[in-house]
Amino acid sequence: MESIEQFLKQRQAQHTLRVLSPLTSRRPGKAIQAGREYVDFSSNDYLGLSSHHELIDAARAALESFGVGASASRLMSGDLEAHHELEEETAAFKGKEDALLFNSGYQANVGIIPAMAGRQDAVFADRLSHASLMDGILLSRAKCFRFRHNDTEHLERLLEQHRKNFESALIVTESVFSMDGDRAPLRRLVELKNRYGCTFFVDEAHATGVFGSQGRGCVNEDDLTEDVELVMGTFSKALGGFGAYLAASHDVVHYLTNAARSFVYSTALPAAVVAADLAAIRLCSKGLDRGSILLQKAERFRQALRSSGFLVLGSSQIVPVVIGDTEKTVCLSEGLLERGFRVLPVRPPTVPEAQSRLRFSLCYFHSDEELQAVVEALCELA
Ligand SMILES: *Cc1c(COP(=O)(O)O)cnc(C)c1O
C-alpha cells in the first residue's frame with residue numbers, strides 16, 4: 001500500500017482530494033453555511049420531504065413514545081410493529097409481495113448481493129453501478145462481469161460467453177444512475193435476464209419518489225414489477241427520510257431476514273425514522289405528485305443549458321454538466337459558490353478520467369428564477 005502521505009499528496013496534485021464542508025443548516029433547495037444562504041444543487045432531498053410537517057410530526061410522536069434508539073437488531077429484540085407496518089406499505093407501494101428494511105442503501109446492497117450470489121455464481125453489473133453495489137459484489141465472492149454502461153449488446157455478449165459456466169447469475173443495475181442521471185433500459189435487460197436465466201436486481205435509489213405513478217419508481221413505470229425479482233430503494237433521497245428497502249417475494253424476504261448479514265448484525269432503524277419513512281410513503285401513495293413536476297423542471301433546465309452550449313447528460317432530476325478537465329470543474333464549482341450556488345464537482349475516481357462534471361441535483365422547490373440565474377452564472381464563468 002502507498003503511504004498515507006503519498007496518497008494525500010497525490011490526490012492534492014490531481015485536484016481529487018476531498019474535504020468535509022459542514023453546513024449550518026439546510027432546507028429544501030437551500031443550504032446555509034457560515035452565515036450565507038446558497039441555492040443548493042447538491043442535495044438528494046429532491047422533493048423537499050425531509051422538512052415536510054407530516055414526516056416531522058410522525059417522527060416526533062414516535063420519538064416521544066419509543067425514545068431515540070432501537071436498542072437491538074430486529075432478530076434480537078429491536079423488532080417493532082412499526083417496522084412491519086412500513087414493510088407492508090412499502091411492498092404495496094412497490095407492487096411486490098413483501099419488503100425488508102435495511103439501515104441504509106449501502107447496507108442493503110452489501111447485505112443483499114452476497115446473500116443472493118456466492119463463489120459458484122456470476123454477477124453481471126453495469127459499469128457505472130454505485131460503489132455500494134460493487135462492494136456487495138466483492139463481498140459475495142461471485143465472478144463479476146461489468147458491462148459497458150447501458151450497453152445491452154455488450155451484456156448479451158458477456159452472457160452468451162459466460163453464463164453457462166455458473167450455477168446462477170445476477171444482473172445488477174440502477175434504474176436512474178446517480179452520476180449520469182440517465183435511465184437503464186430495463187425492458188431490454190428483462191428480456192436478457194429471461195433468455196439467460198438470471199435473477200434481476202434493480203437499485204431505485206434515485207427513482208423512488210420521483211419516477212412512475214406517485215413515485216413508485218421506474219420498474220413500476222415500465223410495468224416490470226413481476227419481472228424484476230429484487231427491487232431495492234432508499235428512503236434517504238426523494239423520500240426525505242433514512243434507511244432502505246428491498247421489495248421482493250415473501251420467500252426472498254424471509255430468506256434475507258436470515259441470510260443478509262447487514263440486516264442480521266446491525267441495530268434496527270429507530271422508531272422515529274421508521275415513522276417518518278412511513279409518512280413519506282403515505283404522502284406519495286395519496287398522490288403528492290411532486291416527482292412529475294420536478295422532472296418537467298429538470299427538462300427545462302437541461303434545454304436552457306444545452307442552448308447555452310453545455311454538454312448535458314441524463315434524463316432525470318440529476319443534471320450532470322460535463323466539463324472534462326478536473327481542475328476547471330473544481331474552479332467552476334468554486335466560482336458558482338461565490339455567486340451563491342452550491343453545485344458539487346464530481347471527479348475521478350467517482351467518474352472516469354477527463355469526464356469531470358458539475359452535478360446539479362434539482363429540487364421541487366427550486367424556482368424558475370433560480371434555475372435561470374445559475375445558467376447565467378455558469379455561462380459567465382465558463
Ligand atoms: C445513495 C445510493 C445508495 C446508498 O443509499 P444510502 O441510503 O444513502 O446508504 C445506494 N445506491 C445508489 C444507486 C445510491 O445512489
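Located above this text is the structure these notes cover.
The numbers attached to residues start from 1 for each chain and follow its sequence in the written order. Side-chain atom pairs in this predicted model are given and counted only at pLDDT of 80 or more, local residue features only at pLDDT of at least 70, and totals for whole chains, interfaces and linings cover all residues. As a rule here, side-chain values come from all non-hydrogen atoms in the structure, and water together with hydrogens is ignored.

Novice: What am I meant to see in the overall build of the protein here?
Specialist: Secondary structure summary: the protein contains 15 helices and 15 strands in total. Computed over its C-alpha atoms, the radius of gyration of the protein comes to 21 Å, within 12% of the 21 Å expected for a compact globule of 382 residues. Referenced to the eigenvectors of the C-alpha coordinate spread, the extents of the protein come out at roughly 55 × 55 × 45 Å. Think of it in three bands: residues with accessible area under 20% of the maximum for their type are buried, residues over 50% are exposed, and the middle band is partly exposed, with areas taken using a 1.4 Å probe on protein chains only. Within the span of the protein, comprising 382 residues, buried residues form 54% of the whole. Two residues qualify as a contact provided that any one of their heavy atoms is within 4.5 Å of a heavy atom in the partner residue. Here the contacts in the protein between residues at least 6 apart in sequence split such that 70% fall between residues at least 24 apart. A total of about 17,100 Å² of accessible surface is found on the protein, and carbon and sulfur atoms cover 51% of it. The convention is simple: Lys and Arg are positive, Asp and Glu are negative, and His and the chain ends are not counted. Charge placement uses NZ in Lys and CZ in Arg. For Asp and Glu, CG and CD serve respectively. Each charge sign in the protein was given a centre, from 41 positive and 50 negative side chains, and these centres are 4 Å apart. Helix and strand definitions here come from DSSP, where helices need a minimum of 4 consecutive H or I residues and strands a minimum of 2 consecutive E residues; each element is numbered from the N-terminal end. What the globule rule says is 2.2 Å times the number of residues to the power 0.38, and the radius of gyration is computed from C-alpha atoms. Surface accessibility follows the Shrake-Rupley procedure with a 1.4 Å probe radius. Residue values consider only the protein chains on display as shielding.

Novice: Looking at this structure, how should I read the pattern of salt bridges?
Specialist: Side-chain pairs of opposite charge can arise whenever the charged atoms involved come near each other. Only one rule defines a salt bridge in this text: a Lys or Arg side-chain nitrogen within 4 Å of an Asp or Glu carboxyl oxygen. Applying the stated criterion to the full structure yields 22 salt bridges. Across the salt bridge formed by Arg 26 and Asp 40, the nearest N and O atoms sit 2.8 Å from each other. A residue pair is termed long-range when its members are at least 10 positions apart, and Arg 26 in strand β1 (residues 25-27) and Asp 40 in strand β3 (residues 36-40) qualify at 14 residues. Assessed through its relative accessible area of 2%, Asp 40 is described here as buried. Asp 368 is the partner of Arg 300 in a salt bridge, and the nearest nitrogen-oxygen pair spans 3.3 Å.

Novice: What's the story with the sheet that holds strand β9 (residues 230-234) in this structure? I'm lost.
Specialist: Neighbouring strands of a sheet are bound in pairs by backbone hydrogen bonds; such pairs are parallel or else antiparallel. When DSSP finds two or more bridges between a pair of strands, those strands are recorded as paired. Pairing is mixed in the open sheet, where seven strands are placed in the order β4-β10-β9-β8-β7-β5-β6. Each end of this open sheet is capped by a strand with a single partner; those strands are β4 (98-102) and β6 (143-147). Mean inter-strand twist for the sheet, computed between neighbouring axes without regard to direction, equals 20°. Here strand β7 (residues 169-174) runs beside strand β8 (residues 199-203); their pairing, made up of five bridges, is parallel. If you follow Ile 171 over to β8, its bridge partner there is Phe 200. The angle between two axes is taken between their N-to-C directions and runs from 0 to 180 degrees, where each axis is a line fitted to C-alpha atoms and a helix contributes only its stretch in contact. Together, β5 (122-126), β6, β7 and β8 form the strand contacts of helix α6 (residues 131-140), whose direction differs from that of β6 by roughly 150°. Across the sheet, helix α7 (residues 152-162) lies against β5, β6 and β7, angled at about 150° from β6, the strand it touches most.

Novice: Before we go on, may I ask you to explain a negative patch on the surface in this structure?
Specialist: Residues Glu 97, Asp 223, Glu 226 and Asp 251 make up a contiguous surface patch of negative charge. Its location among the elements puts Asp 223 in the loop between α9 (218-221) and β9. Taking relative accessible area as the criterion, Asp 223 reaches 62% and is therefore assigned exposed. Note that patches include only residues with greater than 30% relative accessible area and no salt bridge, and the join distances are 9 Å for like charges and 5 Å for nonpolar side chains (Val, Leu, Ile, Met, Phe, Trp, Tyr).

Novice: Would you mind going over unusual backbone geometry with me for this structure?
Specialist: With the exception of glycine, most residues fall at negative phi, and the peptide bonds are largely trans. A cis amide bond, omega 5°, links Pro 348 with the succeeding residue Pro 349. By secondary structure assignment, the location of Pro 349 is in the loop between β14 (344-346) and β15 (356-361). We note that Gln 214 has phi near 55°; this positive angle belongs to a residue other than glycine. With respect to the helices and strands, the residue Gln 214 is situated in the loop between β8 and α9. Not every positive phi belongs to a glycine, and Ala 354 is a case in point at roughly 65°. As for its placement among the helices and strands, Ala 354 is situated in the loop between β14 and β15.

Interpretation in functional terms is not warranted from these geometric data alone.
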